[in-house]
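Chains, contacts and geometry: an overview
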Amino acid sequence: MDKSMLGDLDSLPEEDKIRMSAMIDQLQIRDSLRMYNSLVERCFTDCVETFRRKTLDKQEETCVRRCAEKFLKHSMRVGMRFAELNQGAATPD
């Protein structure tokens, strides 16, 4: 977990800090799993056309790879933009 997230919690007792840290870790894990599940569902739905084979054909494999790359790049960009906005909101104008 990013320790800077706990910066405003200095006034809390140590036990509460530990509990908050654990809760933040759980939320981050949950969000990561949601993102992964969303990626799998979206790319599978968009790219896989038949179940006649147990492996993907070349076209499906290329589609899944591109879909995953786009999804991850988009998620990273949104995260970076959110961090920029968050950082700008934290500094007084």
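It should be noted that the structure appears before, not after, this text.
What you see is a predicted model, and the numbers here were worked out from it, not measured in a lab.

Turning to the overall build of the chain, a few remarks are in order. What the chain contains, in helices and strands, is 2 helices and 0 strands. Within the chain, buried positions represent 12% of all 93 residues. Restricting to contacts in the chain with at least 6 residues of sequence separation, those with at least 24 account for 35%.

Ranked by size, the top nonpolar core spans 5 residues in total: Leu39, Cys43, Cys47, Cys67 and Phe71. Elements that contribute at least two residues to this core include exactly helix 1 (14–47) and helix 2 (58–90). In terms of residue count, helix 1 provides more of this core than any other element does, 3 residues in total. Among all residues touching Cys43, those that are not within four sequence positions of it are Val48, Val64, Cys67 and Ala68.

We now examine the pattern of salt bridges. Scanning the entire structure with this criterion turns up 7 salt bridges. Taking the shortest distance from any N to any O, the salt bridge between Arg53 and Asp57 comes out at 3.2 Å. The exposure class assigned to Arg53 is partly exposed, which follows from its relative accessible area of 40%. Measuring nitrogen to oxygen at the nearest pair gives 3.2 Å for the salt bridge that ties Arg81 to Glu84. Taken together, the residues Arg81 and Glu84, both in helix 2 and 3 residues apart, mark about one turn of the helix.

Moving on, we come to the environment of Ala68. Here Ala68 lies in helix 2. For the pair Ala68 and Tyr36, spaced 32 residues apart in sequence, the C-alpha separation works out to 9.7 Å. Setting aside chain neighbours within four positions, we find Ala68 in contact with Leu39 and Cys43.

Covalent bonding between the sulfur atoms of two cysteines defines a disulfide. Using the criterion set out here, one finds 2 disulfides in the structure. The disulfide partner of Cys43 is Cys67, and the S-S distance across this bridge is 2.0 Å. In this structure, the disulfide formed by Cys43 and Cys67 twists by about -90 degrees around the S-S bond and is classed as left-handed. One end of the pair, Cys43, is in helix 1; the other, Cys67, is in helix 2, and 24 residues separate them in sequence. You can call Cys43 buried: its relative accessible area is 4%.

Criteria and thresholds
Residues numbered from 1 in each chain as written. Predicted model: local features only at pLDDT ≥ 70, side-chain atom pairs only at ≥ 80, totals over all residues. Heavy atoms only, no water. Helix = DSSP H or I, 4+ residues; strand = E, 2+ residues; numbered from the N terminus. Buried < 20%, exposed > 50% of the residue type's maximum accessible area, 1.4 Å probe, protein only. Contact = heavy atoms within 4.5 Å. Core = buried A, V, L, I, M, F, W, Y, C linked by side-chain atoms within 4.5 Å. Salt bridge = Lys/Arg side-chain N within 4 Å of Asp/Glu carboxyl O. Disulfide = S-S within 2.5 Å.

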